Amino acid sequence: MAQHQVNYTQDNGLPVALTTIDKVVNWGRSNSLWALTYGLACCGIEMMASGASRYDFDRYGTIFRSSPRQSELMIVAGTLTKKHAEFIKRLYDQMAEPRWVISMGSCANTGGMFNTYATVQGVDRVIPVDLYLPGCAPRPETLQYAVMMLQKKIRAEKAGKAQRPKRLL
Amino acid sequence: MRAYKPKDDVQKKSYYTDRYWVAPMVPKSMVEDDAVFAADLAAIKAKFDVSDAYIQVEQMVVYIKPEDNVGVLKLMKEELGYTQLSEMSAIDWIAKQGQFEIFYQMLSMGKRKRIRVKCFIDQNQAIESVNPLFRSADWSEREMFDMFGVKVNNHPYMKRILMPDDWEGYPLLKTYPLQGDEFAAWYEVDRIYGKEARAIIGPEIRDSARVDRYDTERFSRLGFEVPMGAEPKAVDAEETPLAYQEEGGVFMIDKFEDDKTEIISDRKR
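These numbers come from a predicted model, not from an experiment.

Caption draft 1: Highlighting the overall build of chain A. If you tally the helices and strands in chain A, you get five helices and five strands. The linear arrangement of helices and strands in chain A, starting from the amino end, is α-β-α-β-β-α-β-α-β-α. Put simply, chain A has 169 residues, and 45% of those count as buried. Considering only contacts in chain A between residues 6 or more positions apart, those separated by 24 or more positions represent 77%. Of the roughly 8,700 Å² that chain A leaves accessible, carbon and sulfur atoms contribute 56%.

Okay, here's the thing in structure tokens:
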């Protein structure tokens, strides 16, 4: 114990912090949001820039994964076509609970400028969305803000099993 | 090439243009004006029927019978040196004359010439594949089928290329609505959740600029955030300052305090 840099005169003389299970679990969840790489269009470029060294998502514990099994955050970055809609649903279903979705950019929010027959008019028609991020395309700072807002949202949730699994239907 | 017009003051001018303005036809000239094209046309005419031929924008346009398409393209490829099929597709003239116009854009690198071979087919008439002659026709013919419903005989893999396999309708037809028919509007819902989910998910909202500040389920005002589903009277509550963390702090994480931050003006510091 003595090797630790612990000030025994504080915190009741012990290296102990008192908190609740909810807070510890949510602290872990909100600070290790592993995101599924879901670049569908030009927003994907901004998402990649957010992950790269200049904006550095690793600072928030947000690390991009290529497998839905390893990720709990889906950043839908770009235009969702009707042909692709069933695949986004399947990948969302493969993610483990608890899971969150950021809808990034106008196209993912509402279909954006693609007011056509082939574009899904908002990903919330297919999967439940936690956070809508406006912009065309949103800058990396905006995506950082979205992730921080999502962290704030996660910390406000109950961590226990009472949490209802998210389903659109 | 179109004539170049100076665009220095283009932003000072009105954007308005007459929406019923019809562009005048690009002038046509006789095939005899160009010796190379005249020789090519003579070679085609020796074996096949040609209903019309002219030169437009330095390219020759040849109208043939639809059943001659493979023969004409084979002749042009093997004897006339037009070794590339750079583009092919269909044009919807159903409203005007009940027909599709099929065009094949041919390129000769040796002669530095382009010829457009065209033919008309009826609405339910199939056309022979030129895939054995040009590999580039493979996907083009599939796209033509996908977008116009023009069937191609003896194609090795006649299947939709862009739209899903179970799609109904042909989107590039003039009669197809831009925002899709009923099948297109409900496609993703029907496919994933089934028709009974239509009432729950609801129709598509096509107004992407719709903002309702009193709808706290779907919208929030930046700087005036209220909890989701709050009463509309709470919307005009006092301003909430921009905060990245909740009050009381976060377990094991230092609070970001706005007034203690420093904005670095010198990036190389």
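Next comes the rest of the description.
Caption draft 2: How the structure looks around the side chain of Asp34 of chain B. Residues and elements named next belong to chain B. As for its position among the elements, Asp34 is in the loop between strand E1 (28-29) and helix H1 (35-47). At 3.3 Å, the side chain of Asp34 and the backbone nitrogen of Phe37 are in polar contact. Setting aside residues up to four positions removed in sequence, Asp34 forms contacts with Ile55 and Lys113.

Caption draft 3: Spatial organisation of the sheet that holds strand E2 (residues 64-65) of chain A. Residue and element names in this part refer to chain A. The strand order across the open sheet formed by five strands is E2-E1-E3-E4-E5, and the pairing between neighbours is parallel. Taken across any chain shown, the strands that pair with only one partner, and hence form the sheet edges, are E2 and strand E5 (131-133). Across two bridges, the pairing between strand E1 (residues 35-36) and strand E3 (residues 73-77) is parallel. Each residue of the ladder has a partner; that of Leu36, found in E3, is Met74.

Caption draft 4: Region of the structure containing the sheet that holds strand E3 (residues 59-64) of chain B. Residues and elements named next belong to chain B. Read from one edge to the other, the open sheet built from six strands follows the order E1-E2-E3-E6-E5-E4, with strand pairing classed as mixed. The two strands at the open ends of the sheet, each matched to only one other strand, are E1 and strand E4 (84-93). As defined by bridge partners, E1 adjoins strand E2 (residues 50-56) across two bridges and the pair is classed as antiparallel. Counted as the bridge partner of Lys28 is Gln56 from E2.

Caption draft 5: Structural context of the domain arrangement of chain B. Assigned domains of chain B: these are domain 1 (28-153) and domain 2 (174-204). Here the C-alpha centre of domain 2 of chain B lies 38 Å away from the C-alpha centre of domain 1 of chain B.

Caption draft 6: Just the interface of chain A and chain B, in detail. Listed as interface residues are 31 residues of chain A and, on the opposing side, 41 residues of chain B. With both sides pooled, the region where chain A packs onto chain B buries about 3,100 Å², and carbon together with sulfur makes up 59% of that total. For the interface between chain A and chain B, the tally reads four salt bridges. The salt bridge involving Arg125 of chain A is made with Glu188 of chain B; its shortest N-O contact spans 3.0 Å. Between chain A and chain B we count 13 residue pairs in polar contact (both at pLDDT 80 or more) in total. Those elements that place two or more of their residues in the side of chain A that touches chain B are helix H1 (21-30), helix H3 (85-94) and helix H5 (140-156) of chain A. In terms of residues, the side of chain A that touches chain B owes the most to one element, H5 of chain A, which gives five residues.

Reading the values: the criteria
- Residues numbered from 1 in each chain as written.
- Chains lettered and ligands numbered in written order.
- Predicted model: local features only at pLDDT ≥ 70, side-chain atom pairs only at ≥ 80, totals over all residues.
- Heavy atoms only, no water.
- Helix = DSSP H or I, 4+ residues; strand = E, 2+ residues; numbered from the N terminus.
- Buried < 20%, exposed > 50% of the residue type's maximum accessible area, 1.4 Å probe, protein only.
- Contact = heavy atoms within 4.5 Å.
- Areas by Shrake-Rupley, 256 points an atom, 1.4 Å probe, with all protein chains shown as cover.
- Polar contact = N/O pair within 3.5 Å; in protein donor to acceptor, adjacent residues only side chain to side chain.
- Pairing = 2+ DSSP bridges.
- Domains from an automatic or database assignment.
- Buried area = accessible area lost by both parts, 1.4 Å probe.
- Salt bridge = Lys/Arg side-chain N within 4 Å of Asp/Glu carboxyl O.

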